[in-house]
Amino acid sequence: MGNADYVYPSTNVERAHRAAIPPPQPFLKSLKYNLKETFFPDDPLKQFKNQPTSRKFVLGLQYLFPIFEWAPSYTFNFLKSDFISGITIASLAIPQGISYAKLANLPPVLGLYSSFIPPLVYAMMGSSRDLAVGTVAVASLLTASMIGNEVDANQNPRLYLHLAFTATFFAGVFQASLGLLRLGFIVDFLSHATIIGFMAGAATVVIMQQLKGILGLDHFTHSTDLVSVMRSVFSQTHQWRWESAVLGFGFLFFLLTTRYFSKRKPKYFWVSAMAPLTSVILGSLLVYLTHAEKHGVQVIGYLKKGLNPMSFTDLVFVSPYLTTAIKTGIITGVIALAEGIAVGRSFAMFKNYHIDGNKEMIAFGAMNIVGSCTSCYLTTGPFSRSAVNFNAGCKTAVSNIVMALGVMVTLLFLTPLFHYTPLVVLSSIIVSAMLGLLDYEAAIHLWSIDKFDFIVCLSAYAGVVFASVEIGLVIAVAISLIRLLLFVARPKTFILGNIPNSMIYRNVEQYPNTSSVPGVLILEIAAPIYFANSGYLRERIARWVDDEEEKLKSSGETTLQYVILDMGAVGNIDTSGIGMLEEVKKVMDRRGVKLVLANPVAEVMKKLDKAKFIENIGQQWIHLTVGEAVAACDFMLHTFPPNPLKEDSEAYNKV
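Residues numbered from 1 in each chain as written. Predicted model: local features only at pLDDT ≥ 70, side-chain atom pairs only at ≥ 80, totals over all residues. Heavy atoms only, no water.

### Observations concerning the overall build of the protein chain
Then step 1. Scanning the protein chain for helices and strands turns up 27 helices and six strands.
Then step 2. With the principal axes as the frame, the protein chain shows a C-alpha extent of 105 × 70 × 55 Å.
Then step 3. Taken over 655 residues, the protein chain has a buried fraction of 51%.
Then step 4. Across the protein chain, the fraction of contacts at a sequence separation of at least 24, relative to all contacts at a separation of at least 6, is 81%.
Then step 5. Carbon and sulfur atoms make up 64% of the accessible area of the protein chain, which totals about 31300 Å². (Helix = DSSP H or I, 4+ residues; strand = E, 2+ residues; numbered from the N terminus. Buried < 20%, exposed > 50% of the residue type's maximum accessible area, 1.4 Å probe, protein only. Contact = heavy atoms within 4.5 Å. Areas by Shrake-Rupley, 256 points an atom, 1.4 Å probe, with all protein chains shown as cover.)

### Points about the UniProt feature "domain: STAS" (unreviewed entry) in the protein chain
Then step 1. Here, the residues flagged by UniProt with the feature "domain: STAS" (unreviewed entry) are residues 510-633.
Then step 2. End C-alpha to end C-alpha, residues 510-633 measures 24 Å, and it is 51% helix and 15% strand. (UniProt positions renumbered as here; feature names shortened; annotations may be inferred.)

### As for the packing of helix α4 (residues 76-103) against helix α17 (residues 398-414)
Then step 1. As a packed pair, α4 and α17 sit with axes 7 Å apart at the nearest point and diverge in direction by 45°. In terms of their interaxial angle, α4 and α17 are classed as oblique. In this structure, α4 meets α17 at a crossing whose hand is right-handed. Contacts between α4 and α17 involve L79, D82, F83, S85, G86, I87, I89, A90, A93 and I94 on the former and, on the latter, V398, S399, V402, M403, V407 and T410.
Then step 2. By residue class, the composition of the contact of α4 with α17 is 11 nonpolar, four polar and one charged. (Axes fitted to C-alpha atoms, helices over the stretch in contact; angles between N-to-C directions. Parallel < 35°, antiparallel > 145°, perpendicular 65-115°, else oblique. Left-handed = near helix turned anticlockwise from the far one by under 90°. Nonpolar A, V, L, I, M, F, W, Y, C, P; charged D, E, K, R; others polar.)

### Structural notes on the pairing of strand β3 (residues 520-525)
Then step 1. With five of six residues buried, β3 is to be regarded as a mostly interior element.
Then step 2. One ladder, built from five bridges, connects β3 with strand β4 (residues 562-566); its direction is parallel. Considered in β4, the bridge of L521 is made with V563.
Then step 3. Note that the unit made of β3, helix α22 (residues 531-555) and β4 has a crossover that is right-handed. (Pairing = 2+ DSSP bridges. Right-handed = clockwise from strand over helix to strand, strands pointing away.)

### As for the domain arrangement of the protein chain
Then step 1. Split by domain assignment, the protein chain resolves into domain 1 (2-27 + 490-654) and domain 2 (74-484).
Then step 2. For domain 1 versus domain 2, the separation of C-alpha centres amounts to 56 Å. (Domains from an automatic or database assignment.)

### Let's talk about helix α24 (residues 602-610)
Then step 1. Those residues of α24 not exposed but buried are V604, M605, K606 and L608.
Then step 2. Those residues of α24 that are buried are in contact with α1 (27-39), α23 (575-590), β5 (594-598), α25 (613-617) and β6 (622-623).
Then step 3. Note on α24: the residue one or two positions beyond its end, K612, has a positive phi of about 65°.

### Overview of the confidence of the model for the protein chain
Then step 1. Mean pLDDT over the protein chain works out to 87, with 95% of the residues at or above the 70 mark.
Then step 2. Here residues 1-16 is modelled with pLDDT under 50, and outside its nearest four sequence neighbours on either side it reaches 33 contacts, counting other chains as well.
Then step 3. Counting contacts from residues 645-655, a segment whose pLDDT is below 50, to residues more than four positions away or on other chains yields 14 contacts. (pLDDT = per-residue confidence, 0-100.)

### Considering the environment of V431
Then step 1. You can see V431 is positioned in helix α18 (residues 423-435).
Then step 2. A relative accessible area of 7% means that V431 is categorised as buried.
Then step 3. A C-alpha to C-alpha distance of 5.3 Å links V431 and I207, two positions 224 residues apart in sequence.
Then step 4. Filtering out sequence-adjacent residues up to four positions away, V431 remains in contact with I207, Q210, I214 and L252.

### Observations concerning the packing of aromatic side chains
Two aromatic rings, taken as a pair, are described by how far apart their centres are and by the angle between their planes.
Then step 1. Tallied over the entire structure, the rule returns 17 aromatic pairs.
Then step 2. A ring pair is formed by Y74 and F78, whose centres lie 5.9 Å apart and whose planes are at 70°; its orientation type is edge-to-face.
Then step 3. Both rings, one in F350 and one in F390, keep their centres 5.8 Å apart while their planes meet at 45°; by these two values the pair is tilted. Of this pair, F350 sits in helix α14 (residues 322-351) while F390 sits in helix α16 (residues 383-391); the two residues are 40 residues apart in sequence, bridging distant segments of the chain.
Then step 4. The rings of F347, F350, F383 and F390 are connected pair by pair, giving a single aromatic cluster.
Then step 5. For K451, the ring lying beneath its charged end belongs to W447, and the centroid distance is 4.9 Å. (Phe/Tyr/Trp six-rings, centres within 6.5 Å; stacked < 30°, edge-to-face > 60°. Lys NZ or Arg CZ within 6 Å of the ring centre and 35° of its normal.)

### Examining the sheet that holds β5
Hydrogen bonds between backbone groups are what pair the strands of a sheet, and the pairing can be parallel or antiparallel.
Then step 1. Reading across from one edge, β2-β1-β3-β4-β5-β6 is the order of the six strands in this open sheet, with mixed pairing throughout. In this open sheet, the two strands that pair with only one neighbour each are β2 (505-507) and β6.
Then step 2. Bridging between strand β1 (residues 493-498) and β3 involves three bridges; their strand directions are antiparallel. Bridge pairing in β3 places I495 opposite L523.

### A word on the pairing of β5
Then step 1. In terms of burial, β5 is largely enclosed, as four of its five residues are buried.
Then step 2. As defined by bridge partners, β4 adjoins β5 across five bridges and the pair is classed as parallel. Paired with L565 across the strands is L597, a residue of β5.
Then step 3. Inspection of the sheet shows β5 paired to β6 by two bridges, in the parallel sense. From the neighbouring strand, A598 faces β6, where its bridge partner is H623.

### Section: the environment of D82
Then step 1. Along the polypeptide, D82 turns up in helix α4.
Then step 2. Sequence separation between D82 and A392 is 310 residues; the distance between their C-alpha atoms is 8.4 Å.
Then step 3. Every residue in contact with D82, bar those within four places of it in the chain, is listed here: Y74, C394, K395, T396, V398, S399 and V402.
Then step 4. For D82, the side chain forms a polar contact with the main-chain nitrogen of K395, separated by 2.7 Å. (Polar contact = N/O pair within 3.5 Å; in protein donor to acceptor, adjacent residues only side chain to side chain.)

Put into structure tokens, the structure is as follows:
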């Protein structure tokens, strides 16, 4: 960067335009606008404007129950596609539901209950056409971990079950509240890097927990960290059962092979989708024919026949367990929301339609509230099941209804057939599903793009694997918030230079061919100015000025006369920020340097005017563009000699 070749753009110093001060707005009107932008950025009420009362009622009904919007145009061709998709995901939901219920230390039949009622609720209230509703491994693990810390599922299974229902109820209330109050942005505090690391860590923990079933162990640690699990496994080598291990690794190989085949041949997606149910059938037949349950192979045993019993009276709203239920519900609810909405948006992008995040939260909340009253535990939209639904060609949420009907038939007539299903097969199904969450390619992608995001991801993973699921989540969220605070508290500032033969000024590091403006330092502040960063900006601006003066002094060029602050990226400013600008102006005045502002936005101009800062600095030193500010400074430099007081002030400062 240099100024030898710099040519001032020719411009008239008399500006045709001035940086305008916006007209004052009534407080209530301003408050209404800010609240609308915060909570209703998508303007959901726009469709109700200028509509008769009857039409508003219909639109409101369609908003809460999207099924009334698309059902009138539903066709037989859609039904054929949804029927095939529903049957396919039912074949996956049945074994997965049983497996995840065991993972949550709940009766296996609850996995089937949770794949019956909640999908019906979501089909009426959800806005995604591709999401397949059901239980997920991570939420199951969190339920087992958090409730298990208070109540032992083996010693007091009834209380444990009731707390699981209560936690699901509070998860639903929390989710629905976020949607109704338009607070969905809270879920965004779980960054993409956080979710990748947390999910991978949770998947690793789930896989380690399955060693109990694969090795046929009767006793196992309740802790989820790597050290405790490995100690529990290798301290019981004399109790390992080779029969279980052979079955487990055999079915795991079968499941992974079918998944690999379906990935290589996408049109055969149904092969991997049917593999879990096929494993259950083959495993049950093998145990039944060989009486393997008498040789150490553990089986599911009796499964209750019939539809979901009501469980509203089982909810626990008394101490000392209420706090545990609320905490478990909120944490599992946030994780379920983050996964379900992310999955729904991903598939919506493929099919070029939009889903409303707040409506999804209401739908998730409603299905979990209803589910908690009908013997279900936490459900969301798992990626594996939704991917199968998508690949099977689903058209609408009717595929969830078909899946629920398939589960209903199973509950009414087929549960006795699962009596001989070996637990080791369920462990293999879980391990196979969890391996898909170990997304190492995404971690490598984070490393290549943003090292800090990779650290967040790795911290979440390490926290979950080496400490606990809750601690890993806390660590990941804490690091993400620290990074957010650093973005706010340490905003970027840049020196701008002129792109040759133009009135454009850009970052000199990004555009090395830019020219500096003799006697003028142009700085861009790339963030709002708040109390959290005003002190830093004051020090950073002073350092920029010191560096520029030292550089000019060493090169023997003209002294620094003007500092232009490009405020175009400063979307807002508070009283601390205004105080910072006032301090900077005083310091610049003492040093014989003139402070100039360029391109302040309306909100900033309004506050600067109310604080009398515009009057203090002078309206003539606030410009619409950096180009106009430079032209004005150029005019002053060529019309008037440099301020002689500057040298005196420098000498005074050295004393």
